[in-house]
Amino acid sequence: MADLELGNFGRDFLWGTATASYQIEGAVTEGGRGVSIWDTFSKSPGKVTNGDTGEMACDHYHRYVQDLDLLAELGVSTYRFSIAWPRIQPDGSGQPNQEGIDFYSRLVDGLLERNITPVPTIYHWDLPQSLQDRGGWTARDTSYRFADYAGIVTEALCDRVSHWITLNEPWCSAWLGYAVGVHAPGERDLNAAVSATHHLLLGHGLALQKMRTVADAQIGITLNLSVVRPASQDQADVDVARMVDGNLNRIFLDPIFKKSYPSDLVSHYGGTIEEATSDDLDIIGQEIDFLGVNFYFPSIVTSRQNIDKARANGLYVDTSRQPNLIDADFDSAGVHRMGVKRTAMDWEIEAGALTELLVRIHDEYSELPIMITENGCASHDYVNPSGEVLDDDRVEYLESHITALSNAIDKGVDVAGYFVWSLLDNFEWAYGYSRRFGIVWVDYETQRRIPKKSFHRYKEIIAASKAR
Ligand code: FCB
């Protein structure tokens, strides 16, 4: 394998991997844990492929020591995990459940013993069901409950944790959860998604305020961002791409870095973002210490009126399914370019789009340090007769995206860390266990772990970067 150009990554660059509580922990009824919206959603017939749930997942709750040893073997300097809110507050408010805190405390100690910097995400989608019963993220009160919960975990761990992430991908919580309906809680209502967007951001801001009073730490938020391009220069396509970009990127970046919602989205959606007060926006736009970016694939969109033209131009448009609520609202459709490789999620692979995205954030929003808090791919992995998983596609994906990061650093972006999604194959939300993102294979029958070829390659890259 050719050597990568690692000259741009400083000695203290954070190389890591990421996971999330519901996707790996299992033990959903142990340790005093309450019910989350993902327990409820995954048990509802037809919501998750094969009826899979996170009940057992990777059994990480019991096997975390073995998983920490894998991290040590990999040589990472950091690990991003998430804290399950219903382990800390089973009903979403009130006194903390000590057993839940103890679990994450042991995890943090185990990381520190192995010289690995813990980076907890406070919310990676497991909202306590009791809060959902009171409106979930469409209720303003949930933002305040979130801040209380963030205060509790920060107080419990801040003597050992220096880096925190408030929310993971609020776009997915709000838009996949409340508009598209493919994530918990599975609602299909545009106004609900707009309101959830605002309350998630407000929750982030309120949490930040509370955490600053408790801890002197580096605190950020993780957004799933991408480049959104029109399928052609036709005005209808350009307009659609601008709205899709607004819904995915600007509706989060503007309030966080400019203390306002984008005016085109305010006039399009109205509702909660139109009514947002400047007090709320001041809370949301408080200073953060770094921005977390999850990047997977670029998006190319066409106006539905141009679908035939797009096809004539050699683009692939899947119209076999009903457009989701976001597409129906914008009259848009996602397209694929022929000849561009896709992952097992059907996501296009274009590493250069990561460079482009980071340069845009730097030029239009902020020069703050950026951490790539997730990047990786699902492949059609299998264990071969010699017991190995030779995931060359994933090796290529990771190498090209690390190179794209190096290019972004060349262009002046301050990139502070990179976390591969994911350490382990795990419960991939609506896809259940049918998609594998891990650099470690998990045999779900026996819970045996097998480091894949990508694990060994990433280990080499980290070692080479540290040795410089
Ligand atoms: C992101 C999620 C993460 C994982 C990857 C593939 O949207 O944050 O939990 O499912 O996608």
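Below is a short write-up of the structure. Keep in mind that what you see is a predicted model, and the values were worked out from it rather than measured. Sequence order as written defines residue numbering, which begins from 1 separately in each chain. In view of the model being predicted, local features appear only for residues whose pLDDT reaches at least 70, and side-chain atom pairs are presented and counted only at 80 or more, with totals across whole chains, interfaces and linings using the full set of residues. To get the side-chain values, take all heavy atoms of the structure and skip hydrogens and water.

Things to note about the side chain of D67
Here a strand is any run of E in DSSP of at least two residues, a helix any run of H or I of at least four, and the numbering for each starts at the N terminus. Looking at the secondary structure, you find D67 in helix 3 (residues 60-74). Engagement of the side chain of D67 in a polar contact is seen with the side chain of R449, the distance being 3.0 Å. Residues are treated as being in contact if the distance between any of their heavy atoms lies within 4.5 Å. In this structure D67 touches H60, L423, L424 and R449, once residues within four positions along its chain are discounted. We call two N or O atoms a polar contact when they sit within 3.5 Å, provided that within protein one can donate a hydrogen and the other can accept it, with sequence-adjacent residues counted only if both atoms are side-chain atoms.

A few points about the packing of helix 3 against helix 5 (residues 98-113)
It is the contact of helix 3 with helix 5, at a shortest axis distance of 10 Å, that shows an interaxial angle of 15°. Comparing their axes, helix 5 and helix 3 come out roughly parallel. Seen along the crossing, helix 3 lies across helix 5 with a hand that is right-handed. Between helix 3 and helix 5, the residues in contact are H60, Y61, Y64, L68 and L71 and F103, R106, L107, G110 and L111, respectively. Axes, fitted as lines to C-alpha atoms, cover a helix only where it is in contact. Angles between the N-to-C directions of the axes lie from 0 to 180 degrees. Should an angle fall under 35 degrees it is called roughly parallel, over 145 degrees roughly antiparallel, and 65 to 115 degrees roughly perpendicular, with every other angle called oblique. Helix crossings are classified by the rotation of the near helix relative to the far one: an anticlockwise turn of less than a right angle makes the crossing left-handed, while a clockwise turn makes it right-handed.

Describing the environment of P118
Looking at where P118 falls in the secondary structure, it is placed in strand 3 (residues 117-123). Partly exposed residues are those whose accessible area sits between 20% and 50% of the maximum for their type, while under 20% is buried and over 50% is exposed, using a 1.4 Å probe and protein chains only. The exposure class assigned to P118 is buried, which follows from its relative accessible area of 1%.

Regarding the nonpolar core
Put simply, a nonpolar core is a bunch of buried Ala, Val, Leu, Ile, Met, Phe, Trp, Tyr and Cys residues held in one set by side-chain atoms that sit within 4.5 Å of each other. Formed by 148 residues in total, the largest nonpolar core has its most connected members in W38, Y123, W164, W175, L358, Y418 and Y458. Looking at this core, the element that brings in the most residues is helix 9 (residues 190-214), giving 10 residues. Non-local contacts of L358, meaning those with residues more than four positions away in its chain, are made with I370, I372, L405, A408, V413 and V415. By size, the runner-up hydrophobic cluster in this structure holds 7 residues, among which are I300, I307, L315 and V317.

Quick look at the site of the ligand
Put simply, a residue is near a molecule or strand once any heavy atom of it comes within 4 Å of that molecule or strand. The ligand sits among Q23, H124, W125, N168, E169, Y296, E374, W421, E428, W429 and F437. Within the side chain of N168, an N or O atom sits 3.0 Å from an oxygen atom of the ligand. One of the side-chain N or O atoms of E374 is found 3.0 Å from an oxygen atom in the ligand. Taken together, the residues of the shell around the ligand sort by class into 5 nonpolar, 3 polar and 3 charged. The residue classification treats Ala, Val, Leu, Ile, Met, Phe, Trp, Tyr, Cys and Pro as nonpolar and Asp, Glu, Lys and Arg as charged. All others, Gly included, are polar.

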